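These are the residues of each chain, in order.
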Amino acid sequence: MHHIKAFLITVVILCFAAVGGAMLAGLGLIPQPIYSFLYEIEKSLGLGGESDIPALQKFEGYWYVAFVPTIEESELGSCTSVAGNLRVHNGMFSGSIGPFGSSVGVRASTTENGTVSGVFSAAGIHRATISGRIRDQFGTGTWVDNYECRGTIAFTKLEPVVDPVQGHITQFSGEVTLFRGGVPRWAIAGQPLYVGDRVEVGTNSEALVTMVQSGKTTVPAGTGFTVPEPIK
């Protein structure tokens, strides 16, 4: 009985430690070298690491983000740099960066193609808009705040990029639509396919998809093809 209690207490402590660590990570208070280790612990406990949207999985994890001014001061005040680590989940950047006591909160999002937009703010007084583009493990952008300061942004992913592409739309003719998350979009040759995507082919049309596991598949007119879960 004592062994069971000790085990349960250990599990509870580890869970609280992981959650507490995640909170500190979001505040940028944990040294960068241990972020990857923390992330692995979170994943092992089922607390993170998987995006609900497969096409956004490549951005999932921790990013080091640095905001650097391109001018030293404006007519309204001095312009300072701020940097730290942010968590990305389901394409959403969140957390606070900068020195403890003078940090700024960041709220931003990225699209599937890596277009980033959002804001950072501090105490509801200092506020800035941000925009940028990320690809693979890196990205760049710009920011401008309400004190007329402006500058550049550098993004660096702290873990390897995992992009669960299951195949591609190799080629097509006629009317072909790709449904992702139930939302239709025009098909594009070379477009990556993820689990749950559906290729709908119209009348007098045809599409050829190439899957990583099953190879080439022709989708004839008036039918559709849904990307299945990979066979493990």
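On a predicted model such as this, the values are computed, not experimentally measured, just so you know.

## Details of the packing of aromatic side chains
What describes a pair of aromatic rings is the distance from one ring centre to the other and the angle between the planes of the rings.
Then, number 1: Applying the stated criterion across every chain, the model contains 4 aromatic pairs.
Then, number 2: Linked through ring pairs, Trp63, Phe93 and Phe155 together constitute an aromatic cluster.
Then, number 3: Residue placement shows Arg87 over the ring face of Tyr62; its charged tip is 5.4 Å from the ring centre.

## Examining the sheet that holds strand S12 (residues 176-180)
Then, number 1: Here 4 strands make up an open sheet; going across it, the order is S13-S12-S15-S18 and the pairing antiparallel. Two strands close off the open sheet at either side, each with one partner strand: strand S13 (183-186) and strand S18 (224-226). The sheet shows a mean angle of 25 degrees between the axes of neighbouring strands, taken without regard to direction.
Then, number 2: With 3 bridges connecting them, strand S15 (residues 198-201) and S18 associate as antiparallel partners. If you follow Glu200 over to S18, its bridge partner there is Gly224.

## Some points on the sheet that holds strand S7 (residues 115-122)
Then, number 1: Reading around the barrel, the 8 strands line up as S1-S4-S5-S6-S7-S8-S9-S10 and close back on themselves, with antiparallel pairing between neighbours. Looking at each pair of strands side by side, their axes are set apart by 25 degrees on average, direction ignored.
Then, number 2: Pairing of strand S6 (residues 104-110) with S7 involves 6 bridges; the strand directions are antiparallel. From the neighbouring strand, Arg107 faces S7, where its bridge partner is Val119.

## A look at the confidence of the model for the protein
A low pLDDT score tells you not to read the predicted coordinates there in detail.
Then, number 1: Confidence along the protein averages 84 in pLDDT terms, with 78% of residues attaining 70 or more.
Then, number 2: In the model, residues 5-14 has pLDDT below 50 throughout and makes 1 contact with residues more than four positions away in sequence or in other chains.
Then, number 3: Scored below 50 in pLDDT, residues 25-29 makes 15 contacts in the model with residues more than four places away or belonging to other chains.

## Description of the state of the cysteines
Then, number 1: Counted by the stated rule, this structure contains 1 disulfide.
Then, number 2: Shown here is the disulfide that connects Cys79 with Cys149, its sulfur atoms set 2.0 Å apart. With the S-S bond torsion at -85 degrees, the cross-link from Cys79 to Cys149 turns out left-handed. Remark: Cys149 occurs in the loop between strand S9 (138-145) and strand S10 (150-157) and Cys79 occurs in the loop between strand S3 (77-78) and strand S4 (82-89); sequence separation between them is 70 residues. The two residues Cys79 and Cys149 agree in class, both being buried.

## Description of a nonpolar patch on the surface
Then, number 1: On the surface, Leu76, Ile125 and Tyr147 cluster together into a nonpolar patch covering about 290 Å² of accessible area.
Then, number 2: Mapped onto the fold, Leu76 is located in the loop between strand S2 (73-74) and S3.

## A short note on the pairing of S15
Then, number 1: Of the two faces of S15, only the one carrying Val199 and Val201 is buried; Arg198 and Glu200 on the other face are not.
Then, number 2: Strand direction decides the pairing type here: S12 and S15, joined by 4 bridges, are antiparallel. Residue Phe179 lies in a different strand from S15, and its bridge partner there is Arg198.

So, how was this worked out
- Residues numbered from 1 in each chain as written.
- Predicted model: local features only at pLDDT ≥ 70, side-chain atom pairs only at ≥ 80, totals over all residues.
- Heavy atoms only, no water.
- Phe/Tyr/Trp six-rings, centres within 6.5 Å; stacked < 30°, edge-to-face > 60°.
- Lys NZ or Arg CZ within 6 Å of the ring centre and 35° of its normal.
- Pairing = 2+ DSSP bridges.
- Helix = DSSP H or I, 4+ residues; strand = E, 2+ residues; numbered from the N terminus.
- Axes fitted to C-alpha atoms, helices over the stretch in contact; angles between N-to-C directions.
- pLDDT = per-residue confidence, 0-100.
- Contact = heavy atoms within 4.5 Å.
- Disulfide = S-S within 2.5 Å.
- Buried < 20%, exposed > 50% of the residue type's maximum accessible area, 1.4 Å probe, protein only.
- Patch = residues over 30% accessible without salt bridge, like charges linked within 9 Å, V, L, I, M, F, W, Y side chains within 5 Å.
- Areas by Shrake-Rupley, 256 points an atom, 1.4 Å probe, with all protein chains shown as cover.
- Salt bridge = Lys/Arg side-chain N within 4 Å of Asp/Glu carboxyl O.

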